[in-house]
Amino acid sequence: MTSNENQDHLVPKSHPRYESLKYRHKIIEGMKNLVVAEAGLIAHGRGECFDYILGEKTTDVAKKAIEAAVASILLADRPIISVNGNVAALVPDELVILSNILNAPLEINLFYQKKGRIQAIKNVLQKAGASIIYGTDPKKMIKLEGLESNRKNVELIANADLVMVPLEDGDRTEALKKLNKTVIAVDLNPLSRTALWADITIVDNIVRTIPEMINVAKKLKELNPSYLEKIVKNFNNKLNIQNTLNLILDYIEKQKEKAFDAVKI
Ligand code: PTJ
């Protein structure tokens, strides 16, 4: 029996928080296998907290950002999807499907450098069906301008016109913007530096975002570029983030009364 199965055994499917616990255990397993950095556990917990006050669903506001994100990836000349440890642990299969549909290659780019991590993530992506994975060969790496952290070591990202950065720390988004690249962020914290710096911020859980992006991509792929351009042009990131904050306020306001209904016997 693998340790993964052990964990599943511990969480009965009938548990009211089964989904949330399932992903928590994927992150823990990922950490044991070197895929996830230790700090990735803390990042996940922070994400869970924001997800809770968003009602743990993909909001209509997030759906708008998802549509704009997919449209701009389809319009980009050299798009790339950056992969870190948490994303590889949570949604590897979906990430590979999305990369194929959108013709946007996957590049591993890590904040926390630790021997064996890149190989561990490469293995996970290959198992999920990825054939070409960038960011794995030190001889092909170059340094991205304006960045001190380990994330400065990039391959295709250096020359990309659009970079999707799921679950990110803020420094690189800022550096990518200063290099005139379009940045798409997926971040449950609507006030993170990444969320505020990005061109399109999807405030949603990555485990829901990537499957939703796959569905949207299948539809938008069939459409005329002028229609896609219209979607991107009509999208306003600042307004979208402000609308997300309003949704959080509304949700908390409603929960002041409603939450107690659940504990009535
Ligand atoms: O694998 P590495 O070495 O590249 O490191 C990855 C982490 C995530 C550890 C690193 O980028 C980091 O420290 O990130 P931060 O600064 O903690 O930011 C992560 C952001 O992602 C936070 O704003 C979280 O709210 C958010 N987040 C966490 N889990 C999810 C999420 N957003 C969407 N979906 C999630 N499941």
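The structure we're discussing is the one just above.
Residues numbered from 1 in each chain as written. Predicted model: local features only at pLDDT ≥ 70, side-chain atom pairs only at ≥ 80, totals over all residues. Heavy atoms only, no water.

**A few points about the overall build of the protein chain**
- The helix and strand tally for the protein chain stands at twelve helices and eight strands.
- Over its C-alpha trace the protein chain gives a radius of gyration of 19 Å, about what one expects of a compact globule, namely 18 Å for 265 residues.
- Dimensions of the protein chain, computed from C-alpha atoms along their principal axes, come out at roughly 60 × 50 × 35 Å.
- The proportion of buried residues among the 265 residues of the protein chain is 47%.
- For the protein chain, the proportion of contacts with a sequence separation of at least 24, taken over those separated by at least 6, is 66%.
- Of the roughly 14200 Å² of accessible surface on the protein chain, a fraction of 53% belongs to carbon and sulfur atoms. (Helix = DSSP H or I, 4+ residues; strand = E, 2+ residues; numbered from the N terminus. Rg over C-alpha atoms; globule rule 2.2 N^0.38 Å. Buried < 20%, exposed > 50% of the residue type's maximum accessible area, 1.4 Å probe, protein only. Contact = heavy atoms within 4.5 Å. Areas by Shrake-Rupley, 256 points an atom, 1.4 Å probe, with all protein chains shown as cover.)

**Quick word on unusual backbone geometry**
- Within the chain, leucine 167 stands out as a residue other than glycine whose phi angle is a positive 55 degrees.
- Summarising the element assignment, leucine 167 is placed in the loop between strand E6 (162–166) and helix H8 (170–178).
- Look at asparagine 180: it is not a glycine, yet its phi comes out positive at around 70 degrees.
- Residue placement: asparagine 180 occurs in the loop between H8 and strand E7 (182–186).
- Among the residues examined, asparagine 180 registers a relative accessible area of 71% and is labelled exposed.

**Here's the deal with the nonpolar core**
- Among the nonpolar cores identified, the biggest contains 51 residues, and Leu125, Met164, Ile210 and Met213 are the most heavily contacted of them.
- Broken down by element, this core gets its largest block of residues, eight residues, from helix H10 (residues 206–220).
- Setting aside anything within four residues of it in sequence, one finds methionine 213 in contact with Ile66, Ala69, Val70, Ile73, Leu98, Met164 and Ile202.
- One finds Ile157, Ala175, Ala185 and Ala198 within the second-largest nonpolar core, a separate group that totals 13 residues. (Core = buried A, V, L, I, M, F, W, Y, C linked by side-chain atoms within 4.5 Å.)

**Here's the deal with the sheet that holds strand E3 (residues 133–134)**
- Across the sheet, which stays open at both edges, the six strands sit in the order E3-E2-E1-E6-E7-E8 with parallel pairing between neighbours. The open sheet terminates on both sides in strands that have one partner only, identified here as E3 and strand E8 (200–202).
- Here strand E1 (residues 79–83) pairs with strand E2 (residues 106–108) via three bridges, running parallel. In the sheet register, valine 83 faces E2, and the bridge partner there is isoleucine 108.
- Contacting E1, E6, E7 and E8, helix H4 (residues 60–75) runs over the sheet at an angle of about 130 degrees to E8.
- In the packing of helix H6 (residues 92–102) onto the sheet, the strands contacted are E1, E2 and E6, and the crossing angle to E1 comes to about 170 degrees. (Pairing = 2+ DSSP bridges. Axes fitted to C-alpha atoms, helices over the stretch in contact; angles between N-to-C directions.)

**Here we look at the site of the ligand**
- Taken together, 24 residues are adjacent to the ligand, and Tyr112, Arg117, Asp169, Asp187 and Asn205 come closest.
- The contact in question runs from an oxygen atom of the ligand to an N or O atom on the backbone of phenylalanine 111, over 2.9 Å.
- A distance of 3.1 Å separates a nitrogen atom of the ligand from a polar atom in the backbone of leucine 188.
- Out of a free accessible area of 750 Å², the ligand has 94% covered by protein chains. (Near = heavy atom within 4 Å. Polar contact = N/O pair within 3.5 Å; in protein donor to acceptor, adjacent residues only side chain to side chain.)

**Focus: the packing of H4 against helix H12 (residues 237–258)**
- Put simply, H4 and H12 touch, their axes get as near as 9 Å, and they point 155 degrees apart. Relative to H12, the element H4 is oriented roughly antiparallel. Handedness of the H4/H12 crossing: left-handed. Taking contact as the criterion, the partners of Val61, Lys64 and Ala65 in H4 are, on H12, Asn240, Asn243, Thr244 and Leu247. (Parallel < 35°, antiparallel > 145°, perpendicular 65-115°, else oblique. Left-handed = near helix turned anticlockwise from the far one by under 90°.)

**What to know about the pairing of E1**
- Most of E1 sits out of view: five of its five residues are buried.
- Side chains Pro79, Ile81 and Val83 project from E1 onto one buried face, and the interleaved Ile80 and Ser82 project onto a second face that is buried too.
- Relative to E6, E1 runs parallel, the two being bridged by three bridges. What sits directly across from proline 79, in E6, is leucine 162.

**Some points on the environment of asparagine 215**
- Assignment of secondary structure puts asparagine 215 in helix H10.
- Given a relative accessible area of 40%, asparagine 215 falls into the partly exposed group.

**Regarding the packing of H4 against helix H11 (residues 225–233)**
- It is at 9 Å that the axes of H4 and H11 come closest, and there the two elements cross at 135 degrees. When the axes of H4 and H11 are compared, the pair comes out oblique. In the packing of H4 onto H11, the handedness of the crossing is left-handed. Residues Glu67, Ala68, Ala71, Ser72, Leu74 and Leu75 of H4 lie in contact with H11, whose contacting residues are Pro225, Leu228, Glu229, Ile231 and Val232.

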